[in-house]
Amino acid sequence: MVWLNPHSDPSAAASDLGHAMTARATRDERARQGFVTAARAHMYGSIARALKTTYECKVKPAFRARKRLDPKTDLEVHRALKQETVFKFYSRYRNIVQGLVYRSVIPGIERDLPALIARAKALSQDTTRAEGTLTLNPRLKVPRYTGGLDVHLMPGNYHTDHVADDVAQGAIYEHGWLVFIRGIIGHLDGITDGISKYVRARYPDFRPARILDLGCTTGIHTLPWKATFPEADVHGVDVAAPCLRFGHARAQSRGIAVHYHQMDGSATTFPDASFDLVTSCMVLHEMPMDRVRALLQDARRLLRPGGLMLHYELPPSTYMDPYSDFFLNWDSCYNKEPFYRAFRAADPMKECRDAGFARGDYVQFVVPSTHHFGADAPAAVLNQTAADTPTLLQKYLGGVRWFCFGAWRSA
Ligand SMILES: C[S@@+](CC[C@H](N)C(=O)[O-])C[C@H]1O[C@@H](n2cnc3c(N)ncnc32)[C@H](O)[C@@H]1O
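Below or above, wherever it landed, is the structure these notes cover. (Residues numbered from 1 in each chain as written. Predicted model: local features only at pLDDT ≥ 70, side-chain atom pairs only at ≥ 80, totals over all residues. Heavy atoms only, no water.)

**Details of the overall build of the chain**
Along the chain, the regular secondary structure elements total 16 helices and 8 strands. Structurally, the chain occupies a C-alpha span of about 70 × 55 × 40 Å along its principal axes. In the chain, which comprises 411 residues, the proportion classed as buried is 56%. Across the chain, the fraction of contacts at a sequence separation of at least 24, relative to all contacts at a separation of at least 6, is 79%. Of the charged side chains in the chain, 51 are positive and 42 negative, and the gap between their average positions amounts to 5 Å. (Helix = DSSP H or I, 4+ residues; strand = E, 2+ residues; numbered from the N terminus. Buried < 20%, exposed > 50% of the residue type's maximum accessible area, 1.4 Å probe, protein only. Contact = heavy atoms within 4.5 Å. Lys, Arg positive; Asp, Glu negative; His and termini not counted. Charge placed at Lys NZ, Arg CZ, Asp CG, Glu CD.)

**Description of empty space enclosed by the protein**
Under the counting rule described, the total for this entry stands at 8 cavities of 30 Å³ or more. Estimated volume of the second largest cavity: approximately 80 Å³. Lining the second largest cavity are Met289, Val292, Leu296, Leu314, Pro316, Phe343, Arg344, Ala346, Asp347, Pro348, Glu351 and Phe405. Elements that contribute at least two residues to the lining of the second largest cavity include exactly α10 (289-302), α12 (340-345) and α13 (348-354). At 3 residues, the largest contribution of residues to the lining of the second largest cavity is made by α10. Here the residues of the lining of the second largest cavity are counted per class, giving 9 nonpolar, no polar and 3 charged. (1 Å grid on protein atoms, 1.4 Å probe; cavity = no way out; pocket = protein on both sides within 12 Å on 5 of 7 lines; lining within 4 Å. Points joined across faces, edges and corners; volume = space filled by probe spheres on them. Nonpolar A, V, L, I, M, F, W, Y, C, P; charged D, E, K, R; others polar.)

**Quick notes on the sheet that holds strand β3 (residues 233-238)**
Strand order in the open sheet formed by 8 strands is β1-β4-β3-β2-β5-β6-β8-β7, and the pairing between neighbours is mixed. The open sheet is flanked by β1 (133-135) and β7 (362-368), the only strands paired with a single partner. Across the sheet, the mean angle separating the axes of adjacent strands is 20° when strand polarity is ignored. (Pairing = 2+ DSSP bridges. Axes fitted to C-alpha atoms, helices over the stretch in contact; angles between N-to-C directions.)

Read these as layout, nothing more, since geometry by itself doesn't imply function.
Pasting the structure below:
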């Protein structure tokens, strides 16, 4: 699995988020960030290849000789590989590099924190650039499934307030995201930039007037919805106050009006039928299935007739061969994302039906990243159906592609 785009320079623009909430980094810190990006590329390149070769050439034949059949599930692959040195090396290396993503950005953020907090306050109060809002609810209880973890090893997780009016966790998430994706996605908000444009092209008559992004964190992937549908009133919801403060300031600094709310996305307090598009980006796999189910039901409640619910997520296990499934599920065991595997094992269509959506209203598609496959790639798959998903996931395996599912609310 090699995702690094040869046209990207890992050392270019390290630390630079391109907006006013960027923490300054010294030359050494920028070099470290470039190193971590390159170390990630090495992991997904030669180390991941060595892992797969060991599996194909050694572990799988040994399994077959013992059991007279091939491993059928990710768990069988995992168990069979676990004792191999290359697996231990890959896992340890990945853990270390994941930790380094955050360690490479934290010093600059710590140093700049008072200035970032002051800037966030000033930007939040300044409505001359944009009229976005921030509504915090200090009484909201952060659910234990996320508040009790450092999800994907991020120290302090999304929600911790270290000082009054803190923005540190938002800054760590966003600066870390840049180190994490540089060379992979192309630009910071590449996911929903691509998905929102695909939605507009695929459904030209769909013009959402109110959009809600659930689990928006800092809004990296909320803002592109506003860019694609500039007339829409765009809202983002998250439980994590420091991310919302950071995100609101960043949106205001860019002159983009987005309304941020501290709310539980599986039990929002918005009125029924108050949105045309309810979406999420990389959120559901971090939630236990009972919360995912509550979120899908609430999303349906929030939709007006003719509205669309759409989630960008990891592709379900059913579309993967056992090895690829194991490779993706690694995070569930070793990266503090314990709900990942159960979410991927679920059937998204059934989950949507169980949440009250009609079978015929289900949508599912794969969006190829223009960064990897060129500007025309999404247009070439506008007419795909859910049945095309396995073929398209395979076709675009060598680069980045986004798996999306959801449903229209017809009545
Ligand atoms: C992986 S991040 C999402 C990233 C973000 N959507 C983006 O595209 O940059 C998961 C987010 O979901 C939030 N979250 C988890 N459970 C939530 C809930 N019940 N309601 C709202 N937000 C939640 C977390 O606080 C975190 O910010």
